[in-house]
Amino acid sequence: HRHPPGPSQQRERPVSALKQLACAVGTVGGVGVATLGWSLIEARWPVLRRIEVPVLAPGSAPIKLLHIADLHLTGATKARVAWVRALADIEPDLVINTGDNLSTLGGVSALGEALEPLLAFPGAFVLGDHDRHGTVFRSPTRYLRRDPRSNDDPVADLPVLPWEEVRDMQLAGGWKDLDNCRDTVEAAGQLIELVGVADAHADDDAFPEPVAAGESAAGGSSAAVVKIGVTHAPYQRVLDQMVTDGAQLILAGHTHGGQLCLPGYGALVSNCDLPPAQASGLSTWPASFKAIHKGTAPASEDGQAYLHVSAGLGTSPFTPVRTACRPEATLLTLTAR
């Protein structure tokens, strides 16, 4: 028969268990610190993505469209400003800015510096909620709710930003204001029809009235090679209206691509009612698949539009982190169908 353990053996068990617990806690803590450190680095490591989209009328020459979004500039984002300025070197035919340029008042002058070389090219824009109101601290867990706006502070309590200056500096460069508007723009010698809405996240969207059949948004006979919808926040109601209106490509931002993503899985949230699987990259709307496409465009069908959601270039200054979701701008090369 085995003898019962002696006093020395009895003391060893709890000591061993405590050591194992300490090792486990240390491992988890180390992984957490490493993840936090990497997420701080990743948020400052932007990438220019390139995608081809077969969306132009047959026989059309390619158009290089640069999509920028969610710069969230402050007075301390000089590296981001320099990176955006350098995008002018790719010489896009058209620039579309889908809003949320600011986080604080100090970002106004930074935005002027960032956009200055890009304003040499044709462009268009919509504004986001952070172009009108400054960023304040809020619990990050709010983004896990179905509607993260449900417990927001009243808009009246948020710092007001000079959104008119944001609008006017882009208008001064010849860019088209698409907040609840239609317009046209010429890029690479070809006419593009545009339709946009103001920020749906703030419920400011009012879809513009349609134009008569055969007429362009600017009047006269329409010879546009493509119709592009532009929105800051890709709420489903806006996407549905744009598809019904005949847009073949829709551009949006706002989601930050989920910002904190799981490697190999993707976004957990989209900060709106868009499925998280479409929180960044190129897909189609209405969606007919779950995968996110960031290279060659998927095939679109009748009654669908291509949807490109940019993960954006910035973050809130209170949560300056990204995981498995690098900040980005995208060069969309539009080609003939």
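Residues numbered from 1 in each chain as written. Predicted model: local features only at pLDDT ≥ 70, side-chain atom pairs only at ≥ 80, totals over all residues. Heavy atoms only, no water.

Before going further, it helps to examine the overall build of the protein chain. Assigned secondary structure in the protein chain consists of six helices and twelve strands. Across the 337 residues in the protein chain, those meeting the buried criterion constitute 48%. Within the protein chain, contacts between residues separated by at least 24 positions form 73% of all contacts whose residues are at least 6 apart in sequence. Accessible surface for the protein chain amounts to roughly 15,700 Å². Of this, 57% is attributable to carbon and sulfur atoms. (Helix = DSSP H or I, 4+ residues; strand = E, 2+ residues; numbered from the N terminus. Buried < 20%, exposed > 50% of the residue type's maximum accessible area, 1.4 Å probe, protein only. Contact = heavy atoms within 4.5 Å. Areas by Shrake-Rupley, 256 points an atom, 1.4 Å probe, with all protein chains shown as cover.)

Pairing is mixed in the open sheet, where six strands are placed in the order 6-7-8-9-11-10. Edge positions in the sheet fall to strand 6 (182-187) and strand 10 (281-285), since each of these pairs with one other strand and no more. Sheet twist, expressed as the average angle between the axes of neighbouring strands with direction ignored, equals 30°. Alignment of strand 8 (residues 226-230) against strand 9 (residues 249-252), held across three bridges, turns out to be parallel. Bridge pairing in strand 9 links V230 to L251. Strands in contact with helix 6 (residues 236-245) are strand 6, strand 7 (190-196), strand 8, strand 9, strand 10 and strand 11 (305-309); relative to strand 10, the strand with the most contacts, it is inclined by about 65°. (Pairing = 2+ DSSP bridges. Axes fitted to C-alpha atoms, helices over the stretch in contact; angles between N-to-C directions.)

What follows concerns the confidence of the model for the protein chain. When pLDDT is averaged across the protein chain, the result is 86; 77% of the residues are at 70 or more. Here residues 289-294 is modelled with pLDDT under 50, and outside its nearest four sequence neighbours on either side it reaches 16 contacts, counting other chains as well. (pLDDT = per-residue confidence, 0-100.)

For the rest of this paragraph, the subject is a nonpolar patch on the surface. Together, W38, I41 and W45 make up a nonpolar patch on the protein surface, roughly 330 Å² of accessible area in all. Relative to the assigned elements, W38 resides in helix 1 (residues 7-42). Owing to a relative accessible area of 41%, W38 belongs among the partly exposed residues under this scheme. (Patch = residues over 30% accessible without salt bridge, like charges linked within 9 Å, V, L, I, M, F, W, Y side chains within 5 Å. Salt bridge = Lys/Arg side-chain N within 4 Å of Asp/Glu carboxyl O.)

Turning next to the sheet that holds strand 5 (residues 176-177). Here six strands make up an open sheet; going across it, the order is 1-12-2-3-4-5 and the pairing mixed. The open sheet has two edge strands with one neighbour each: strand 1 (47-56) and strand 5. Where strand 1 meets strand 12 (residues 328-336), nine bridges bridge the pair, whose relative direction is parallel. Within the sheet, the bridge partner assigned to E52 lies in strand 12 and is T333.

The subject of this paragraph is the packing of aromatic side chains. The description of an aromatic ring pair rests on the distance of the ring centres and on the angle between the ring planes. In total, this model carries zero aromatic pairs according to the counting rule given. In this arrangement the basic side chain of R132 is found over the ring face of W163, its NZ or CZ atom lying 4.1 Å from the centre. (Phe/Tyr/Trp six-rings, centres within 6.5 Å; stacked < 30°, edge-to-face > 60°. Lys NZ or Arg CZ within 6 Å of the ring centre and 35° of its normal.)

Now for the pairing of strand 6. Side-chain positions along a regular strand alternate between the two faces of the sheet. Examined bridge by bridge, strand 6 and strand 7 share six bridges and lie antiparallel to one another. The residue bridging R182 from the neighbouring strand is V195, located in strand 7.

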